[in-house]
Amino acid sequence: MKMDEDKRYYVGRIGFVGNDTTRDKVIRREVYLNEDDVFSTEALKASIRRINQLGYFKPMEAPPEITPSDRGEDRLDLTFKVEEQNRNQFTFGGGISGLEGAFLNASFATSNFLGLGETLQLSAQTGGRTNNYQASITEPYLFDRPLSAGIDLYSRKLDYLTSEGVVGYSEVRTGGSFVGGLPLGRFTRLFANYTYEVIETAALDSLLGQTNGATNGEPIFSPFLDEGRHRESRVSPSVVFNTVDNPYAPRRGQRLSGILQVAGGPLGGTVSYLKPNVEAVLYVPHTRRTSLGVRGELGGIAPFGATARLPYYQRYFLGGETQIRRVNVRTVGPVDAENRAIGGNKFVLFNAEYYFDVAGPLRALVFYDAGQAFAEGRNINLRQLRSSAGAELRFIMPVLNVPFRLIYAFNLSRDAFQPARTFKFAVGTTF
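Just so it is clear, the structure is predicted and the values come from calculations on it, not from any experiment. (Residues numbered from 1 in each chain as written. Predicted model: local features only at pLDDT ≥ 70, side-chain atom pairs only at ≥ 80, totals over all residues. Heavy atoms only, no water.)

*Asks:* When you look at the overall build of the protein in this model, what are you seeing that I'm missing?
*Replies:* From N to C terminus, the protein includes 3 helices and 22 strands. For the protein, the C-alpha radius of gyration of 24 Å lies close to 22 Å, the compact-globule estimate for 431 residues. Dimensions of the protein along its principal axes, counting C-alpha atoms only, are 85 × 50 × 45 Å. Across the 431 residues of the protein, 45% fall into the buried class. (Helix = DSSP H or I, 4+ residues; strand = E, 2+ residues; numbered from the N terminus. Rg over C-alpha atoms; globule rule 2.2 N^0.38 Å. Buried < 20%, exposed > 50% of the residue type's maximum accessible area, 1.4 Å probe, protein only.)

*Asks:* Which parts of the structure should I look at to understand the pattern of salt bridges?
*Replies:* Proximity of charged atoms lets side chains of opposite charge pair with each other. Taken as a whole and judged by the stated rule, the model has 30 salt bridges. Where Arg71 meets Glu35, a salt bridge forms, and the shortest distance between an N and an O atom there is 3.9 Å. One end of the pair, Arg71, is in the loop between strand E2 (65–68) and strand E3 (75–81); the other, Glu35, is in the loop between helix H1 (24–28) and helix H2 (41–54), with 36 residues separating them in the sequence. According to the relative accessible area criterion, Arg71 is partly exposed, its value standing at 37%. (Salt bridge = Lys/Arg side-chain N within 4 Å of Asp/Glu carboxyl O.)

*Asks:* Can you walk me through the packing of aromatic side chains in this structure?
*Replies:* Two aromatic rings, taken as a pair, are described by how far apart their centres are and by the angle between their planes. Within this structure, the stated rule accounts for 11 aromatic pairs. Taking 5.0 Å as the distance between ring centres and 70° as the angle between the ring planes, the aromatic pair formed by Tyr354 and Phe356 counts as edge-to-face. Members of the aromatic cluster, connected to one another through ring pairs, are Tyr283, Tyr355 and Phe431. Geometry around Tyr32 places Arg186 over its ring, the cationic atom sitting 4.7 Å from the centre. We note Arg325 situated over the ring of Phe367; from NZ or CZ to the ring centre the distance is 3.9 Å. (Phe/Tyr/Trp six-rings, centres within 6.5 Å; stacked < 30°, edge-to-face > 60°. Lys NZ or Arg CZ within 6 Å of the ring centre and 35° of its normal.)

*Asks:* What is the right way to read the confidence of the model for the protein from this model?
*Replies:* For residues with low pLDDT, the predicted coordinates do not support detailed interpretation. Across the protein, pLDDT averages 88, with 92% of residues at or above 70. Of the regions scoring below 50 in pLDDT, residues 206–215 engages in 25 contacts with residues more than four places distant in sequence or in other chains. (pLDDT = per-residue confidence, 0-100. Contact = heavy atoms within 4.5 Å.)

*Asks:* It is not clear to me how H2 should be interpreted in this structure. Could you clarify?
*Replies:* An α-helical turn contains 3.6 residues, so any two residues separated by three or four positions project in the same direction. Over its 14 residues, H2 extends 21 Å from the first C-alpha to the last, a length consistent with the 20 Å expected when each residue adds 1.5 Å. In terms of residue burial, H2 counts as a mostly covered element, since 10 of its 14 residues are buried. Burial in H2 covers these residues: Ala43, Leu44, Ala46, Ser47, Ile48, Arg50, Ile51, Asn52, Gln53 and Leu54. Here H2 starts with a cap whose side-chain oxygen sits 3.2 Å from the backbone nitrogen of Ala43, and that cap is Ser40. Immediately beyond the C-terminal end of H2, within one or two residues, lies Gly55, with a positive phi of roughly 80°. (Expected span 1.5 Å × (residues − 1). Polar contact = N/O pair within 3.5 Å; in protein donor to acceptor, adjacent residues only side chain to side chain.)

*Asks:* Got a minute to help me understand unusual backbone geometry in this structure?
*Replies:* Excluding glycine, most residues fall at negative phi; most peptide bonds, likewise, are trans. A positive phi angle is found at Asp144, which is not glycine, with a value near 60°. Judged by its relative accessible area of 55%, Asp144 is exposed. Even without being a glycine, Arg330 presents a positive backbone phi close to 65°. With respect to the element layout, Arg330 can be found in the loop between strand E16 (302–303) and strand E17 (340–341).

*Asks:* It is not clear to me how the pairing of strand E20 (residues 386–396) should be interpreted in this structure. Could you clarify?
*Replies:* When a strand is regular, its side chains alternate between the sheet's two faces. Direction of pairing for strand E19 (residues 362–374) relative to E20: antiparallel, over a ladder of 10 bridges. Bridged to Leu362 within E20 is Phe395. (Pairing = 2+ DSSP bridges.)

*Asks:* Looking at this model, I keep getting lost on the side chain of Asn19. Mind explaining?
*Replies:* Take Asn19: it is sitting in the loop between strand E1 (10–17) and H1. Only 3.0 Å separates the side chain of Asn19 from the backbone oxygen of Thr22, close enough to count as a polar contact. Looking at Asn19, its side chain comes within polar contact range of the side chain of Asp24, at 2.7 Å.

*Asks:* Even after reading the chapter, I still don't get a nonpolar patch on the surface, so can you show me in this structure?
*Replies:* On the surface, Phe350, Tyr368, Leu393, Leu406, Tyr408, Phe410, Leu412, Phe423, Phe425 and Val427 cluster together into a nonpolar patch covering about 930 Å² of accessible area. Listed by contribution, the elements that provide at least two residues to the nonpolar patch are strand E21 (403–413) and strand E22 (421–427). For the nonpolar patch, the element with the highest residue contribution is E21, accounting for 4 residues. The residue Phe425 is located in strand E22 in this model. (Patch = residues over 30% accessible without salt bridge, like charges linked within 9 Å, V, L, I, M, F, W, Y side chains within 5 Å. Areas by Shrake-Rupley, 256 points an atom, 1.4 Å probe, with all protein chains shown as cover.)

*Asks:* For this particular structure, what's the right way to read the pairing of strand E6 (residues 118–127)?
*Replies:* Both strand E5 (residues 101–113) and E6 contribute to a ladder of 9 bridges, which runs antiparallel. Considered in E6, the bridge of Ala106 is made with Ala124. The antiparallel pairing of E5 with E6 creates a hairpin that spans 4 residues between the two strands, and Leu114 there sits at a positive phi of about 60°. The antiparallel hairpin formed by E6 and strand E7 (residues 130–139) contains 2 residues in its connecting segment.

*Asks:* Just checking my understanding: could you explain the sheet that holds E3 for this structure?
*Replies:* In a beta sheet, neighbouring strands are held together by backbone hydrogen bonds and run either parallel or antiparallel to one another. Read from one edge to the other, the open sheet built from 3 strands follows the order E1-E3-E2, with strand pairing classed as mixed. Looking at which strands have only one partner, the edges of the open sheet turn out to be E1 and E2. Pairwise comparison of adjacent strand axes, ignoring direction, gives a mean angle of 25° for this sheet. Direction of pairing for E2 relative to E3: antiparallel, over a ladder of 4 bridges. Bridge assignment links Glu65 to a residue of E3, and that residue is Thr79. (Axes fitted to C-alpha atoms, helices over the stretch in contact; angles between N-to-C directions.)

*Asks:* Would you explain the nonpolar core in this entry?
*Replies:* Across soluble globular proteins, nonpolar side chains have a tendency to be buried as a group. Tyr169, Tyr273, Tyr312, Ile324 and Phe347 are the most contacted members of the largest nonpolar core, which totals 23 residues. Listed in part, the 18 residues of the second largest apolar core include Phe16, Val26, Met60 and Val82. (Core = buried A, V, L, I, M, F, W, Y, C linked by side-chain atoms within 4.5 Å.)

The following block contains the structure:
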């Protein structure tokens with residue numbers, strides 16, 4: 001074999017076209033090539049993936065325009081052509097939710113505030129069973145360095161039902177969190193979060209002695225609901241590896257994350273616990289218009305120190321459109337002999353989605369969800385998982401730029417009080 005290697009080329013100028021709102025530096029800091037570097041095809045591919053991960057632009061499939069540079073015969077100029085998409089979301093409306101009841105809400109959110117890459121969110125919601133207020137801001141490049149920082153202030157109130165039309169458990173959370181992050185690699189970041197939170201819980205005493213709060217056999221809340229005020233001071237270090245190509249319409253890549261929450265002990269507060277959680281997400285393209293996405297998640301929580309028993313609000317219950325689509329939030333979990341929901345101290349969750357890109361922002365998919373929470377003294381038993389399957393239409397609204405979802409699901413393994421099939425509307429993604 002005789003090989004004739006071409007000469008080495010270098011990067012000339014790097015330019016951007018189409019970013020009418022986003023500043024050049026916001027895109028340039030995601031490019032893994034610098035002017036005068038040796039030209040690298042692999043670094044160029046990684047740069048395109050990172051720009052697509054921002055979510056500020058429509059997915060860029062084609063490589064940048066490569067032209068000879070006037071800076072020398074061995075130089076090549078790169079011009080990235082991007083197409084802005086609106087990342088500002090303003091909503092005002094209302095609705096009825098099985099968890100939150102009737103409500104009104106208004107919010108403003110942007111992931112690219114003033115074209116500088118900051119994430120800003122302001123939201124308010126009020127209703128018969130819920131009141132939520134939140135303000136948060138995140139700076140992805142603090143002092144123009146790859147250091148992220150953010151603050152989140154919130155107050156949330158939610159009344160849970162023990163049976164149809166009867167409020168049996170109320171939870172109010174007020175607090176704030178501070179988060180910082182730094183890169184460990186091209187697609188890996190280390191985060192540290194500190195949160196101080198005051199949680200107030202209350203229950204109706206008349207319900208605590210009942211063995212069945214609903215005529216259809218649905219479990220009621222456990223008699224060991226811990227009423228009163230709880231203060232949590234916790235740190236949450238985490239690491240995330242993310243190569244997913246698009247946050248809302250992914251086709252390829254993987255996301256691996258692990259987090260350990262440590263509350264109480266030397267940090268103060270009235271509750272002490274350790275709470276590890278790991279998650280793995282994988283997207284595999286199949287054809288030009290189809291791909292497969294899977295997620296596996298495992299978590300647990302254990303008290304320590306002066307906390308002998310987990311607070312009820314920290315116990316695991318599964319359900320909802322981000323976990324098991326067919327069932328409602330907090331309706332999957334262990335119960336005792338008297339049909340009282342006791343929650344678990346560990347859980348396992350699995351999701352699979354097969355995507356069909358129909359046209360433009362419209363995506364159809366079929367899915368399978370399975371999960372369960374398990375109480376102390378019980379091992380994880382995959383034969384006890386509650387599961388559902390179905391089909392979904394998902395499309396991104398051109399103004400709001402969030403996925404809207406129409407879900408038809410039926411239960412493969414369900415509790416007796418849960419209906420066999422349902423049709424739901426939701427916003428966002430499952431994973």
